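# Topology and contacts: notes
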Amino acid sequence: MADEVVLLDFWASVYGMRTRIALEEKKVKYDYREQDLLNKSALLLEMNPVHKKIPVLVHNGKPVCESLIQIEYIDETWPGENPLLPSDPYERAQAKFWADFIDKKMSVTAKRVWATKSEEQEASTELIEILKTLESELGEKHYFGGKTFGFVDIALIGFYSWFGVYEKYGNVSIESECSKLIAWAKRCLQRDSVTKTLPALEKLIALISERRKSLGLE
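Residues numbered from 1 in each chain as written. Predicted model: local features only at pLDDT ≥ 70, side-chain atom pairs only at ≥ 80, totals over all residues. Heavy atoms only, no water.

## A word on the nonpolar core
Formed by 69 residues in total, the largest nonpolar core has its most connected members in Leu131, Leu134, Leu156, Trp162, Tyr166 and Trp184. Per-element tally for this core: the top contributor is helix α4 (residues 89–115), with nine residues. Look past the residues within four positions of Leu134 in its chain and what remains in contact with it is Trp98, Phe101, Ile102, Phe144 and Leu156. (Core = buried A, V, L, I, M, F, W, Y, C linked by side-chain atoms within 4.5 Å. Buried < 20%, exposed > 50% of the residue type's maximum accessible area, 1.4 Å probe, protein only. Helix = DSSP H or I, 4+ residues; strand = E, 2+ residues; numbered from the N terminus. Contact = heavy atoms within 4.5 Å.)

## Thoughts on the UniProt feature "domain: GST C-terminal" (unreviewed entry) in the protein chain
Annotation from UniProt places "domain: GST C-terminal" (unreviewed entry) at residues 88–215. Between the end C-alpha atoms of residues 88–215 the distance is 46 Å, and the span holds 77% helix and 0% strand. (UniProt positions renumbered as here; feature names shortened; annotations may be inferred.)

## Some remarks on the side chain of Thr109
Checked against the element boundaries, Thr109 lands in helix α4. By relative accessible area, which is 7% here, Thr109 ends up buried. Setting aside anything within four residues of it in sequence, one finds Thr109 in contact with Ala123, Glu126, Leu127 and Ile130.

## Some details on the packing of aromatic side chains
According to the stated counting rule, one finds nine aromatic pairs in the structure shown. Relative to Phe149, the ring of Tyr143 lies with its centre 5.6 Å away and its plane at 75 degrees, an arrangement referred to as edge-to-face. Neither residue differs from the other here; Tyr143 and Phe149 are each classed as buried. Consider the rings of Tyr160 and Phe163, whose centres lie 5.4 Å apart with planes at 70 degrees: the pair is edge-to-face. Taken together through their ring pairs, the aromatic side chains of Trp114, Tyr160, Trp162, Phe163 and Tyr166 make up a single cluster. Over the ring of Tyr169 we find Lys168; its NZ or CZ atom is 5.5 Å from the centre of that ring. (Phe/Tyr/Trp six-rings, centres within 6.5 Å; stacked < 30°, edge-to-face > 60°. Lys NZ or Arg CZ within 6 Å of the ring centre and 35° of its normal.)

## Description of the UniProt feature "domain: GST N-terminal" (unreviewed entry) in the protein chain
Per the UniProt record, "domain: GST N-terminal" (unreviewed entry) is annotated on residues 3–82. Taken end to end, residues 3–82 is 36% helix and 21% strand, and its two terminal C-alpha atoms sit 19 Å from one another.

Take a look at the structure:
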């Protein structure tokens, strides 16, 4: 029986982008179902009753929640070409450490850049420091895992599509501050999985403008 793979997601989610990229890297065919986050579907609530959040990967009727867990699940379920996690235990542990760092540091700080009225400058300064830490870890490597596009790259690259949003509302130039990280992002964009997935900046700015209006910030 053929695998039935469904992804409950929202187009602008950096977390959902991770799962979409991982599925594309493994050439897994799936049914994408866009979710209205203001009016959550019965399927989403059924598949993720604990957090009630996207993305949810549903494989043969069984839900897998949380994007980093989904990447690992995809890598193990569809082994073979384009391994996403290192086979070496230490390198694997390091990859998980940096992906966890991205999860704990990036989102909260990045959201403060566009979703607050008085914290955007402080948040943008913090964001640059986080990105510089990641840039230091990248060093002179082609990708975070060395020569191979993998787990940490997938964990971070979705945020690149939002860089223009952070620059617009945080009054900062990420490219001038973190040029090596921008070069890394451009290398990632040479992959079909990434170019297929990352949304256009104009679409994101339109979305955030509406969000800011609803928060009374515009």
